[in-house]
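Given next are the chains, with one letter for each unit.
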Amino acid sequence: MTSSTSESRGAAKMALLSMAIGAFGIGMTEFVSMGLLPAIAGDLLPAVHEASPEDAVARAGILISVYALGVVVGAPTIAAIVSRFPRNRVMIALVAALLVGGILTVAAPTFEFVVLARFLAGLPHGAFFGMAAIVAGELLGPSRRGWGVAMVMTGLTVANLVGVPGGTFLGQHLGWRAAYVVVALVFTLALVMCAVFIPARPGDPSRSFARELGVFRIPQVWTTIAIGAIGFGAFFAVYSYVSTLVTEAAGAPEWAVPVALVALGLGMVVGNILGGRLADISVPRTLVAGLGAMAAASLVVGVMSSWSLALMPSLFVFGVAGQAVTPAIQLRLLDVAGDHQAIGAALNHSALNIGNSVGAALGGVVIAAGLGYVAPAWLAAVLATAGLVIAGIAFAAERRRVALAA
């Protein structure tokens, strides 16, 4: 591993590992509720669940959307505020805030309080990943930014491979809150490791909240946010309702849900590593190829949803295609944000979690409308295609601007 700084190879690895553990906790806290929606609905909305399990699951889906809303609100706001402070201290503070959010989720007594806790838990999410992307880039150098982002994001993808299925299994047998106890323990470990291993990095005292918000005057920032918000919404349209896709559409038993999550999580791990490598070669080509592959994989999931044995490898392929897009969106935002790097990096997760909210909400809408539990897969194909169209428009506009400047 080549470092552009004075840190040794081993120190850089430990810093990346510390941030990856934090990302693992974020992956669990964000995604474990998706496999536990029926259990959460049955516990917190018993009257609605007794009358209509479909309505209760659809209503519980707001927990996914409100977490994403917290990310959308918190990412640019917190990033704009903290850009002037030392980066290692900012990372410690953000992990501490994530820990508090996990504890509040465990302790919240009612559905309404859990909704509030999920919103608060989402606030530090985007700023954490944004600052982690900047720190990783500094540790590895500009030519390996994509690999650095992928290494941090590996924690999130491994969470989907191990943490989310394990948390789902635990939540099904010990109650859904048990999964969030594990989340709190992971964040505790991440807090200690970040405090010990992330090297001191000064902030930029010249940055201000108002100055950072200048990023929103850049048109390509908005188009990149739209690519993530709409195109990556396809991923969450399927992921948010994977439990009912497995048990209702495929007719598999409840124990098959963690198996499906493992298949999807393994695909995400592979896709993240592949996407990081490809993004270092070409960000635009990786975005176009990833969105196209996600649209195709969504159709495959829909077609194979009636057969549980065929559904599992389909979810793996879908996970590869979906996660291959995320490093490219991160680097695209850093490239178009100019000198607004802190907020530009954080906006990646605002974009992805707008996609989370859009995908989860629209997935709930098509299910509640009576279109069936497979409908989110067809919806995902539409959203990924729309993201591909937006990407094409953005790159065409950029080429015209370059040609005019020349």
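The structure we're discussing is the one just above.
Residues numbered from 1 in each chain as written. Predicted model: local features only at pLDDT ≥ 70, side-chain atom pairs only at ≥ 80, totals over all residues. Heavy atoms only, no water.

Chemist: Account for the overall build of the protein, naming residues and giving values.
Modeler: Helices and strands together make up the secondary structure of the protein, namely 20 helices and zero strands. Its C-alpha atoms give the protein principal-axis dimensions of roughly 60 × 45 × 35 Å. Counting all 406 residues of the protein, 58% fall into the buried class. Of the roughly 14800 Å² of accessible surface on the protein, 72% is carried by carbon and sulfur atoms. Charged side chains of the protein number 20 positive and 16 negative; the gap between the two group centres comes to 15 Å. (Helix = DSSP H or I, 4+ residues; strand = E, 2+ residues; numbered from the N terminus. Buried < 20%, exposed > 50% of the residue type's maximum accessible area, 1.4 Å probe, protein only. Areas by Shrake-Rupley, 256 points an atom, 1.4 Å probe, with all protein chains shown as cover. Lys, Arg positive; Asp, Glu negative; His and termini not counted. Charge placed at Lys NZ, Arg CZ, Asp CG, Glu CD.)

Chemist: Can you explain helix α9 (residues 145-174)? Please cite residues and give values.
Modeler: Taking 1.5 Å per residue as the helical rise, α9 with its 30 residues ought to reach 44 Å, and the 41 Å between its terminal C-alpha atoms agrees with that figure. In the segment just after α9, Gly-175 is the residue with positive phi, at about 100°. (Expected span 1.5 Å × (residues − 1).)

Chemist: Tell me what's going on with the layout of surface pockets, and back it up with residues and numbers.
Modeler: There is about 220 Å³ of room inside the largest pocket. In this structure, the largest pocket is lined by 16 residues; those nearest its centre are Pro-38, Thr-244, Thr-247, Glu-248 and Glu-254. If you list the elements that add at least two residues to the lining of the largest pocket, you get α2 (37-44), α4 (53-60) and α14 (242-249). Considering every element that reaches the lining of the largest pocket, the biggest residue donor is α14, with four residues. Here the residues of the lining of the largest pocket sort into seven nonpolar, six polar and three charged. (1 Å grid on protein atoms, 1.4 Å probe; cavity = no way out; pocket = protein on both sides within 12 Å on 5 of 7 lines; lining within 4 Å. Points joined across faces, edges and corners; volume = space filled by probe spheres on them. Nonpolar A, V, L, I, M, F, W, Y, C, P; charged D, E, K, R; others polar.)

Chemist: Tell me about the pattern of salt bridges, and please be specific about residues and values.
Modeler: Tallied over the full model, the rule gives one salt bridge. Of the charged contacts in the structure, one is a salt bridge between Glu-398 and Arg-332, with a shortest N-O distance of 3.2 Å. With a gap of 66 residues between them, Glu-398 in helix α20 (residues 375-405) and Arg-332 in helix α18 (residues 326-336) connect regions that are remote in the sequence. For Arg-332, a relative accessible area of 5% gives the class buried. (Salt bridge = Lys/Arg side-chain N within 4 Å of Asp/Glu carboxyl O.)

Chemist: Any chance you could break down empty space enclosed by the protein for me, citing the residues and the numbers?
Modeler: Inspection of the entire model under this criterion finds two cavities of 30 Å³ or more. Lining the largest cavity are 14 residues, and of these Phe-31, Leu-156, Phe-232, Phe-236 and Leu-352 lie nearest its centre. Looking at the lining of the largest cavity, the elements with two or more residues in it are α1 (9-35), α9, α13 (233-239) and α19 (341-371). For the lining of the largest cavity, the element with the most residues is α19, which contributes three residues. In the lining of the largest cavity, the residues fall into eight nonpolar, five polar and one charged.

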